[in-house]
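Structure assessment
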Amino acid sequence: MLSNKLQDALNQQINDEYYSSYLYQAMVAYLEDLNLDGCAHWMKMQAEEEHLHALKLFDYVVERGGRVELFAIAQPAKEWDSPRAAFEAALDHEKVMTENISKLADLAITERDHATNNLLQWYVSEQVEEEATVDDILKKLDMMGDTGTGLFLMDRELKNRPTPTPIDQAGA
Ligand code: OFO
């Protein structure tokens, strides 16, 4: 059984994951408006992945006999200064999420809830990957240029991101 404290924190994280999905969907709208179909596709896949992150936590709370509570999702930004600025905002957001997951894992350890800590380790690894992927995009934009041909080439590359596969309690 989950402690009330941990259940509340997990419910907050479910909300954060849904917010992440909402934020990336807002970036899809922004990038579509600029006709950057590949960048928009990448963000759309990211939004889907965040939705799956929320569902994985949702299922876990239920499996542990807890009660999921859904909160209002904050309104995300609508505009960014440039496509690069949107990816920078994505990286900043992921850094905040990494911090949140670390705090959650700390709480699970304090509460001596090893199962929850185990689940959260999956999210810890996922955060490493998410930060690295966006950082890679930004570095490539630095190399190729974040306007004109460089952006055009990046847009073409990001079109290839595959649809995320559903994740189960055991992992990816
Ligand atoms: Fe759920 O990993 Fe990003 O926010």
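What comes next concerns the included structure.

Scanning the protein chain from N- to C-terminus turns up 5 helices and 0 strands. Reading the secondary structure of the protein chain in the N-to-C direction produces α-α-α-α-α. Taken over C-alpha atoms, the radius of gyration comes to 17 Å for the protein chain, in line with the 16 Å a tight globule of 172 residues would show. Taking the principal axes of the C-alpha coordinates as reference, the protein chain spans close to 55 × 30 × 25 Å. By the burial criterion, 47% of the 172 residues in the protein chain qualify as buried. Looking at the protein chain alone, contacts between residues at least 24 apart form 82% of all its contacts between residues at least 6 apart. About 9200 Å² of surface is accessible on the protein chain, with carbon and sulfur atoms providing 52% of the total. Distance between charge centroids for the protein chain: 1 Å, based on 15 positive and 32 negative side chains.

In the structure shown here, the tally under the stated rule is 7 salt bridges. The shortest N-O distance in the salt bridge between Arg-64 and Asp-113 comes to 3.1 Å. With a gap of 49 residues between them, Arg-64 in the loop between α2 (37–63) and α3 (83–110) and Asp-113 in the loop between α3 and α4 (114–144) connect regions that are remote in the sequence. The salt bridge involving Lys-140 is made with Asp-136; its shortest N-O contact spans 3.1 Å. One end of the pair is Lys-140 and the other is Asp-136, both in helix α4 and 4 residues apart, which spans about a single turn. Members of the salt-bridge network, linked through shared partners, are Arg-84, Glu-88 and Asp-142.

Taken together, the side chains of Glu-32, Asp-33, Asp-37 and Glu-79 present a region of like negative charge at the surface. Note on placement: Asp-33 falls in helix α1 (residues 4–33). On the basis of relative accessible area, Asp-33 is assigned to the exposed category, the value being 65%.

Turning to the packing of aromatic side chains, a few remarks are in order. Within the structure shown, the criterion is met by 3 aromatic pairs. Between the aromatic rings of Tyr-30 and Trp-80, the centroid separation amounts to 5.5 Å while the plane-to-plane angle is 65°, which identifies the pairing as edge-to-face. Taken as a pair, Tyr-30 in helix α1 and Trp-80 in the loop between α2 and α3 lie far apart in primary sequence, 50 residues in all. Note on Tyr-30: relative accessible area 8%, which makes it buried.

Side chains of Met-143, Met-144, Phe-152 and Leu-153 sit close together on the surface and give an oily, nonpolar patch of about 420 Å² of accessible area. Elements that contribute at least two residues to the nonpolar patch include exactly α4 and α5 (148–158). Within the secondary structure, Met-143 sits in helix α4.

Conventions and cut-offs
Each residue is numbered by its place in its chain's sequence as written, counting from 1. Confidence filtering applies because this is a predicted model: local features only for residues at pLDDT of at least 70, side-chain atom pairs given and counted only at 80 or more, and all residues used for totals across whole chains, interfaces and linings. The side-chain figures draw on all heavy atoms in the structure; neither hydrogens nor water molecules are used. Each helix is a run of DSSP H or I of at least 4 residues and each strand a run of E of at least 2, with the numbering of both proceeding from the N terminus. Every radius of gyration here is taken over C-alpha atoms, with the globule rule written as 2.2 Å times N^0.38, N being the number of residues. Classification of residues uses two cut-offs on accessible area relative to the type maximum, computed with a 1.4 Å probe and protein chains only: under 20% is buried, over 50% is exposed, and between them is partly exposed. Every residue pair with non-hydrogen atoms within 4.5 Å of one another is taken to be in contact. All accessible areas in this document rest on Shrake-Rupley with a 1.4 Å probe, and a residue is counted as covered only by the protein chains that are shown. By the counting rule applied here, Lys and Arg register as positive and Asp and Glu as negative, while His and the ends of each chain are not counted. To locate a charge, take NZ of a lysine, CZ of an arginine, CG of an aspartate or CD of a glutamate. Every case where a carboxyl oxygen of Asp or Glu lies within 4 Å of a side-chain nitrogen of Lys or Arg is listed as a salt bridge. Like-charged residues within 9 Å of one another, or nonpolar side chains (Val, Leu, Ile, Met, Phe, Trp, Tyr) within 5 Å, are grouped into patches, provided each residue has over 30% relative accessible area and no salt bridge. Stacked, tilted and edge-to-face are the three classes applied to pairs of Phe, Tyr and Trp rings, where Trp contributes its six-membered ring and a pair requires centres within 6.5 Å; stacked means planes under 30 degrees apart, edge-to-face means over 60, and tilted covers the rest.

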